[in-house]
Amino acid sequence: MLAPLFSKPQSSLSVQAKRLVAMRFLIYTSFQTSYFIGVIGTLTYADDASVVATSLAVLFMNVFVILGSFAGGAALDAWGPCRHFRASIFGTLATGAAILVFGSATGIVLLAAVLLGFVMGFAQPIATSCPAYLTDDPVELKDINSAITMFSNVSIIVGPTLGGFVAAAASSRTVFVLMMLFTMLALVAGWGFRPQAGHVATRESSPADSSATASTASQSPDPSASTRATFATSIKTVFTNSVLALLFCIIFLSNFGYGAFDPLESFFYRDVLHVGVEWMGWLSSASGVGAVLGAVIALRLPPHLINLKTLLAALMSVGLGSLLYVGTTYVGVALIGQIALGVAWGVVNPLHNTIVQTTAPLEQLGRVNSVMGFGNMFAGVAPLAIAPWLAATFGVQQTLVGAGMVVTAVPAALLLFGRRHFDRAARQ
């Protein structure tokens, strides 16, 4: 039944685009095998750490994802996609080796969160920026981004599932061996990656309709312009462009409530659902199943729906799926909720990346995506300061339900009351 959905978009991708999809799939799978089970799972199950410790781990992780994304964006703009990719591979392998060597005490696991966060952030431009080095056509970009999202979400199935089995058979720290294995496979897949950015022409138009869109900007890479384009310039680019500024605010506000999930989910599994550490991997995999379906939906969206309103509808669906996920004490319902919110995330990611890639200048794209990623990650960091207190006061499940309500309410309110801002952005 799904075969017709997959066949046409995959066959339309160029050889280099398919290679980029494979590179992202394998390195993202390496992260998915290790973060949730290897860091949060080790703290919760092996070390019997507190909510404060898991919140610190998520805080360190998110802060260093932000720092890593800024470093990765700068490296991409300065070095180009190939050297940036090789640096991502080296950093991930070094991180895995260091974690395996130094043990699983709480302090070491927190250090692992720091290292892993940095390399995850550093590698982000592979998905968020590199497609624009292959084409400037909005429809082709949407297809590449949807394929990257689709297979990244397969990673969310494959990585945690394999990690769950490894953790059940050995220990939660052993998943870092899997991380290094998939990283090596990513290096093999990327060996022949040769983007040809020189052919990329100036954008002629936006892909979006009157609801949103992308302004005209140059895609011609210019090394001297890239050198001059500082982070300050990229920040100015984001906040002086009506589309990018709206997108930054939308993602920030929508993800603010979601920040409570990371440090509390493991306790939700242990104390509310009463399941073992392996379920951390398997429920995450269910989200990946849904996200694959969501990416297929995004792949089939017509060009006039590549806009901010569609993005908001998808973000509101993320919130509704989250409420289903954490709203009961039944693991079967949580499984369905994970699939539902996964479908919504599968639509959100390619829409977000396509809008950014068709709006920002190519010579600043790595750093513009770092600025956008900063807003996304900071929205996840801020709630960590109060998540332990909320969980202690109201309970883990009640806090998660409240967070899900925030994730649902923000995009719903923006859809209801933000129409004039979207229309103004479309006219500029």
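So, how was this worked out
Residues numbered from 1 in each chain as written. Predicted model: local features only at pLDDT ≥ 70, side-chain atom pairs only at ≥ 80, totals over all residues. Heavy atoms only, no water. Helix = DSSP H or I, 4+ residues; strand = E, 2+ residues; numbered from the N terminus. Buried < 20%, exposed > 50% of the residue type's maximum accessible area, 1.4 Å probe, protein only. Contact = heavy atoms within 4.5 Å. Patch = residues over 30% accessible without salt bridge, like charges linked within 9 Å, V, L, I, M, F, W, Y side chains within 5 Å. Areas by Shrake-Rupley, 256 points an atom, 1.4 Å probe, with all protein chains shown as cover. Salt bridge = Lys/Arg side-chain N within 4 Å of Asp/Glu carboxyl O. Axes fitted to C-alpha atoms, helices over the stretch in contact; angles between N-to-C directions. Parallel < 35°, antiparallel > 145°, perpendicular 65-115°, else oblique. Left-handed = near helix turned anticlockwise from the far one by under 90°. Nonpolar A, V, L, I, M, F, W, Y, C, P; charged D, E, K, R; others polar. Core = buried A, V, L, I, M, F, W, Y, C linked by side-chain atoms within 4.5 Å. Expected span 1.5 Å × (residues − 1). Disulfide = S-S within 2.5 Å. pLDDT = per-residue confidence, 0-100.

Draft legend 1. Representation of the overall build of the chain. Along the chain, the regular secondary structure elements total 19 helices and zero strands. Scored against the burial criterion, the 428 residues of the chain give a buried share of 58%. Taking the contacts inside the chain whose residues are at least 6 apart along the sequence as the reference set, 87% of them involve residues at least 24 apart.

Draft legend 2. Looking closely at a nonpolar patch on the surface. Together, Val-289, Leu-293, Leu-335 and Ile-339 line one region of the surface with nonpolar side chains, adding up to about 260 Å² of accessible area. Counting residues per element, the ones that place at least two in the nonpolar patch are α13 (278–299) and α15 (331–357). Tracing the backbone shows Ile-339 in helix α15. For Ile-339, a relative accessible area of 31% gives the class partly exposed.

Draft legend 3. Structural context of the packing of helix α14 (residues 308–326) against helix α18 (residues 396–417). Across the interface, α14 lies against α18 with an axial gap of 8 Å and an inter-helix angle of 160 degrees. Of the possible angle classes, the one that applies to α14 and α18 is roughly antiparallel. Our pair here, α14 against α18, has a crossing hand that is left-handed. In contact with Lys-309, Leu-312, Ala-313, Leu-315, Met-316, Val-318, Gly-319, Leu-320, Ser-322, Leu-323 and Val-326 of α14, α18 contributes Gln-397, Leu-400, Val-401, Gly-404, Met-405, Val-407, Thr-408, Pro-411, Ala-412, Leu-414 and Leu-415. The residue inventory of the contact of α14 with α18, partitioned by class, reads 16 nonpolar, five polar and one charged.

Draft legend 4. Summary view of the pattern of salt bridges. Under the defined criterion, the tally for this structure stands at three salt bridges. With a shortest N-O distance of 2.6 Å, Asp-77 and Arg-367 are connected by a salt bridge. Here Arg-367 lies in helix α16 (residues 365–381) and Asp-77 lies in helix α3 (residues 51–79), a separation of 290 residues in the sequence. Residue classification places Arg-367 among the buried residues on the basis of a relative accessible area of 7%. Note that Asp-143 is salt-bridged to Lys-142, the shortest N-O span being 3.5 Å. You'll find Asp-143 and Lys-142 in the same group, each marked buried.

Draft legend 5. Structural context of the packing of helix α4 (residues 81–102) against helix α8 (residues 175–189). Where α4 contacts α8, the two axes come as close as 9 Å, and the packing angle between them is 160 degrees. By the angle between their directions, the pair α4 and α8 is classed as roughly antiparallel. Crossing of α4 against α8: the hand is left-handed. Residue-level contacts link Phe-85, Ile-89, Thr-92, Leu-93, Thr-95, Gly-96, Ala-97, Ile-99 and Leu-100 of α4 to Phe-176, Val-177, Met-179, Met-180, Thr-183, Met-184, Ala-186 and Leu-187 of α8. Here the contact of α4 with α8 is built from residues that sort into 13 nonpolar, four polar and no charged.

Draft legend 6. Representation of unusual backbone geometry in the model. Even without being a glycine, His-274 presents a positive backbone phi close to 60 degrees. With respect to the helices, strands and loops of the structure, His-274 is situated in the loop between α12 (261–273) and α13. Residue His-274 is classed as exposed on the basis of its relative accessible area of 62%.

Draft legend 7. Quick peek at the environment of Val-371. With respect to the helices, strands and loops of the structure, Val-371 is situated in helix α16. What makes Val-371 buried here is its relative accessible area of 4%. With residues near it in sequence (within four places) discarded, Val-371 still touches Phe-70, Ser-234, Ile-235, Val-238, Phe-239 and Phe-248.

Draft legend 8. View of the nonpolar core. Among the nonpolar cores identified, the biggest contains 101 residues, and Leu-116, Phe-268 and Tyr-269 are the most heavily contacted of them. Looking at this core, the element that brings in the most residues is helix α2 (residues 15–46), giving 15 residues. Discounting chain neighbours no more than four positions away, the residues touching Leu-116 are Phe-31, Ser-34, Tyr-35, Val-39, Met-61, Thr-95, Phe-176 and Met-179.

Draft legend 9. Spatial organisation of α4. Counted at 1.5 Å a residue, the expected span for α4 with its 22 residues is 32 Å, and the 32 Å between its end C-alpha atoms agrees. Within α4 the residues assigned to the buried category are Pro-81, His-84, Phe-85, Ser-88, Ile-89, Gly-91, Thr-92, Leu-93, Thr-95, Gly-96 and Ile-99.

Draft legend 10. Geometry of the state of the cysteines. Under the definition given, this model contains zero disulfides. Note on Cys-82: no disulfide assigned, nearest cysteine sulfur contributed by Cys-130 at a separation of 8.4 Å.

Draft legend 11. Focus on the environment of Gly-373. Its location among the elements puts Gly-373 in helix α16. On the accessibility criterion, Gly-373 (13% relative accessible area) is buried. Note: C-alpha distance between Gly-373 and Thr-128 (245 residues apart in sequence) is 9.6 Å.

Draft legend 12. Spotlight on the confidence of the model for the chain. Per-residue pLDDT for the chain averages 79, and the proportion of residues at 70 or more is 81%. A low-confidence stretch, residues 1–11 (pLDDT under 50), is modelled with 13 contacts involving residues beyond four sequence positions or located in other chains. Taken as a whole, residues 197–228 scores under 50 in pLDDT and shows 85 contacts with residues more than four places along the chain or in a different chain.

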